[in-house]
Amino acid sequence: MMSRALALGARGLDTATPNPSVGCVIAKGGRVIGEGWHARAGEPHAEAAALAACREDPTGATAYVTLEPCSHRGRTPPCADALVRAGLARVVAALEDPNPLVAGAGFRRLREAGLQVEAGLLAGEAALLHRAFLSRMSRGRPWMILKAGASLDGRTALASGESRWITSEEARRDVHRLRRRACAVLTGYGTVRADDPDLTVRHVPCERQPRRVVIDNRLELPEGARILQGVPPLVLTVSGDGAARERLESRGAEVLSVGAEGSKTDLVAVARMLAARGFNEVLVETGPKLAGSLLRAGLVDEIVLYLAPSLLGDLAQGLFALGELASLGERRNLAVTDVRAVGRDLRVIARLET
């Protein structure tokens, strides 16, 4: 039952943000009588959707839900109250919700009403499903995925900067699936200057475009940049140049000042700001300098690397500007979680070990 609830919750990964993509199964006598998932913010939560889908009276039934039912009123009524009113006898949740507005209050509400409450079933699987929401709530920063494409010898572009296209069309389509799931796509001014990307989802069906975010320390984005077209991007800067700010704002960009570390942006402050904006998952598509800076700051949770079966040589540009290590003990270790072929390329997914 909980496995099914997790599968249902995964259906909302692309669209539920900033809410968690919760799934719920209601069972009675060993039979599923209703199921649902949270599809979009403002629409019914998983528990309410499952109750509405019940094929028979849910009195005395058990709800299996991937996250603690909410106990507060937001855009929708509290799910804990809905389960109580429906006459359920038992609620099994995979995880407690770390959201300060919930954080055990949903479980208390259910127990006070006489329901049996259990938590922890398939907690590891649920933590994986909800990892981005949990990161924002418990760590105050989004789950950051660093995406990169490279040749087999780890090169992302020729010394001249030419890079289109190292990876295959299938790999690029797969990247658009990552973008579709992300709340925001983060890049830097250097990438905009070199590649002029638009960073939208185009090659796969999409109901919600991610917010595009550019770190531009000196507010140098050209007015003709493709990233300034369509839904206005969020531009983060340490510059106090009022004229440059007005120039970008006249093109629709939202320009925000962030803290500085020397002449550069404080990336930890950037992560906190993105979390405050309700971004659960952020996909980073940028060059080696900003990628290396994010890695050194400990802000990258996962790397998705597409390796093309080609060699570009030692004069081509590398993946991450991490500087020289004095010893192997300074290396960043990763745990590979998935390796598979995507078209003619190899996709490797790895998590940063803490």
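Residues numbered from 1 in each chain as written. Predicted model: local features only at pLDDT ≥ 70, side-chain atom pairs only at ≥ 80, totals over all residues. Heavy atoms only, no water.

Now for the sheet that holds strand β1 (residues 23-28). Read across the open sheet, the 5 strands follow the order β2-β1-β3-β4-β5; overall the sheet is mixed. Every interior strand has two partners, whereas the edge strands, β2 (31-37) and β5 (116-119), have only one. Pairwise comparison of adjacent strand axes, ignoring direction, gives a mean angle of 15° for this sheet. As paired elements, β1 and strand β3 (residues 62-65) share 4 bridges and run antiparallel to each other. Each bridged residue has a counterpart across the sheet, and for Cys24 the counterpart in β3 is Val65. Packing against the sheet, helix α4 (residues 105-112) makes contact with β4 (90-93) and β5, and its axis sits at approximately 150° to β5. (Pairing = 2+ DSSP bridges. Helix = DSSP H or I, 4+ residues; strand = E, 2+ residues; numbered from the N terminus. Axes fitted to C-alpha atoms, helices over the stretch in contact; angles between N-to-C directions. Contact = heavy atoms within 4.5 Å.)

As a further point, take the packing of aromatic side chains. A complete count under the given rule lists 0 aromatic pairs for this structure. Sitting over the face of the ring of Trp37, Arg11 holds its NZ or CZ atom 4.7 Å from the ring centroid. Between Arg172 and the ring centre of Trp165, over which it is positioned, the NZ or CZ distance is 4.4 Å. (Phe/Tyr/Trp six-rings, centres within 6.5 Å; stacked < 30°, edge-to-face > 60°. Lys NZ or Arg CZ within 6 Å of the ring centre and 35° of its normal.)

The next thing to look at is the side chain of His38. Among the secondary structure elements, His38 is positioned in the loop between β2 and α2 (46-52). Its relative accessible area of 2% is what places His38 among the buried residues. Of the polar contacts made by the side chain of His38, one reaches the backbone oxygen of Arg40; its length is 3.3 Å. Within the local environment of His38, its side chain forms a polar contact with the backbone oxygen of Pro44, the two atoms lying 3.1 Å apart. Setting aside residues no more than four positions away along its own chain, His38 makes contact with Gly12, Ala16, Asn19, Pro20, Val22, Glu43, Pro44, His45 and Ala46. (Buried < 20%, exposed > 50% of the residue type's maximum accessible area, 1.4 Å probe, protein only. Polar contact = N/O pair within 3.5 Å; in protein donor to acceptor, adjacent residues only side chain to side chain.)

Purely geometric numbers; function is a separate question.
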